[in-house]
Amino acid sequence: MGGQLRVYRRRIASVSATKKITRAQELIATARIVKAQQRVAQSTPYAREITRAVSAVASHSNAKHPLIGERPQLRRAAIVLITADRGFAGAYNTAAIKQAEQLAALLREQGKEIDRYVIGRKGVTFYTFRGVTPAGTWTGFSDNPQYGDAAAIGDALIESFLKGGEDGGVDELHVVSTEFVTMLSQNPTAARFLPLEIEESTEAPPGGVFPLYEFEPSPAEVLDALLPNYIKARLYNALLQSAASEHAARRRAMKSATDNATDLIRQLTRLANSARQAEITQEISEIVGGANALAETSAGSE
């Protein structure tokens, strides 16, 4: 009986140590979510305005640019997958990888070859374990991306796109990220970044007045300046959205783990108390039995 009690106490101590870790991870993720949300909110106006500017140039001029418009033949497509560098985030990484694999299957059905670009150690590990060598990998900043990270990735992707599928590059660029909706909801999404799809909007900008555009020095030069920044801004926003989603998913997973640890400690404590009570009862019974035997022995000798 004493051995069983020691087992329960060791398990309680082990689960308590795990609970401290998960609780600390939960608090860290909670603190980081607020900052991540603020960064997403700060990047959104710039992304919106540069999108409006690019759409205006493409819609109100006859300028041509290699990043705009469909190519005659689409042979090879690139999928950029954004995952986390660390685990303890529930189904965050699994959902993003599943979305990327579904997109890859759809592109293969269309007869396209796939080049994979992976951001985050979890995605790199996933493909490395399966013998797939990504065309490009970036790690070390999934929970706190900077614009310089997005710029470096964007330059590599634009260079590959400008080469084209015939010259070792790609003809399409898709980005799989996780959209931050609320603290409890994060959705993996897939979006085509290149070639750009310019959609004319009938929605009036803030102020309700449609502006008249003049392009200097020329629409083509404006596109040359805006389009790379546009791609990097969209990619940066996707990284920030994924970072906020990662923190939210980790907080939810760690809170669930902490709650489960609390419940398990409560159950083990009850079992330990029962075992201790049974041990005490047994000891009392042995003492009473010994006293009775001693009394009977003394009475017989008299």
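Scroll up for the structure.
These figures come from a predicted structure and were not determined experimentally.

Colleague: Residue-level account of the environment of Val181, with values.
Modeller: Mapping Val181 onto the fold places it in strand S4 (residues 172–182). For the pair formed by Val181 and Ser245, sequence separation is 64 residues and the distance between their alpha carbons is 8.2 Å.

Colleague: Break down the packing of aromatic side chains for me, citing the residues and quoting the values.
Modeller: Each pair of aromatic rings is reported with the distance of its centres and the angle of its planes. Overall, the coordinates contain three aromatic pairs when judged by the stated rule. On the basis of an interplanar angle of 20° and a centroid distance of 6.2 Å, the ring pair of Tyr117 and Trp138 is categorised as stacked. You can see Tyr117 sitting in strand S2 (residues 113–119) and its partner Trp138 sitting in strand S3 (residues 136–138), a full 21 residues away along the chain. With respect to burial, Tyr117 and Trp138 carry one shared label: buried. Here the aromatic rings of Phe126 and Tyr127 are separated by 5.0 Å at their centres, their planes lie at 85°, and the arrangement is edge-to-face.

Colleague: So what's going on with the pairing of strand S1 (residues 76–82)? Residues and values would help.
Modeller: Taken across its seven residues, S1 has six buried, putting it largely inside the fold. Alignment of S1 against S2, held across seven bridges, turns out to be parallel. Residue pairing across strands places Ile79 opposite Arg116, the latter belonging to S2. Read from S1 through helix H2 (residues 92–109) to S2, the crossover connection turns out right-handed.

Colleague: Tell me about the packing of H2 against helix H3 (residues 121–129), and please be specific about residues and values.
Modeller: It is at 10 Å that the axes of H2 and H3 come closest, and there the two elements cross at 55°. In this view, H2 runs oblique relative to H3, as classed from their interaxial angle. Crossing of H2 over H3 shows right-handed handedness. In this structure, H2 contributes Asn93, Ile97, Ala100 and Glu101 to the contact, and H3 contributes Lys122, Phe126 and Tyr127.

Colleague: Pulling in residues and values, what's your account of the pairing of S2?
Modeller: Walk down a regular strand and you will see the side chains alternate between the two sheet faces. With six of seven residues buried, S2 is to be regarded as a mostly interior element. Summarising the sheet, S2 and S3 pair through three bridges and their orientation is parallel. Within S3, the residue paired with Ile119 across the bridge is Trp138. Handedness of the crossover joining S2 and S3 through H3: right-handed.

Colleague: Break down the sheet that holds S1 for me, citing the residues and quoting the values.
Modeller: One open sheet accounts for five strands, arranged S3-S2-S1-S4-S5; its pairing is mixed. With partners counted over all chains shown, the strands left at the sheet margins are S3 and strand S5 (185–194), one partner each. For this sheet, the mean angle separating the axes of adjacent strands, direction not counted, is 20°. The sheet strands contacting helix H4 (residues 147–163) are S1, S2, S3, S4 and S5, and the helix crosses S2 at an angle near 170°.

Calculation notes
Residues numbered from 1 in each chain as written. Predicted model: local features only at pLDDT ≥ 70, side-chain atom pairs only at ≥ 80, totals over all residues. Heavy atoms only, no water. Helix = DSSP H or I, 4+ residues; strand = E, 2+ residues; numbered from the N terminus. Phe/Tyr/Trp six-rings, centres within 6.5 Å; stacked < 30°, edge-to-face > 60°. Buried < 20%, exposed > 50% of the residue type's maximum accessible area, 1.4 Å probe, protein only. Pairing = 2+ DSSP bridges. Right-handed = clockwise from strand over helix to strand, strands pointing away. Axes fitted to C-alpha atoms, helices over the stretch in contact; angles between N-to-C directions. Parallel < 35°, antiparallel > 145°, perpendicular 65-115°, else oblique. Left-handed = near helix turned anticlockwise from the far one by under 90°. Contact = heavy atoms within 4.5 Å.

Take it as geometry only, folks, not as evidence of what the structure does.
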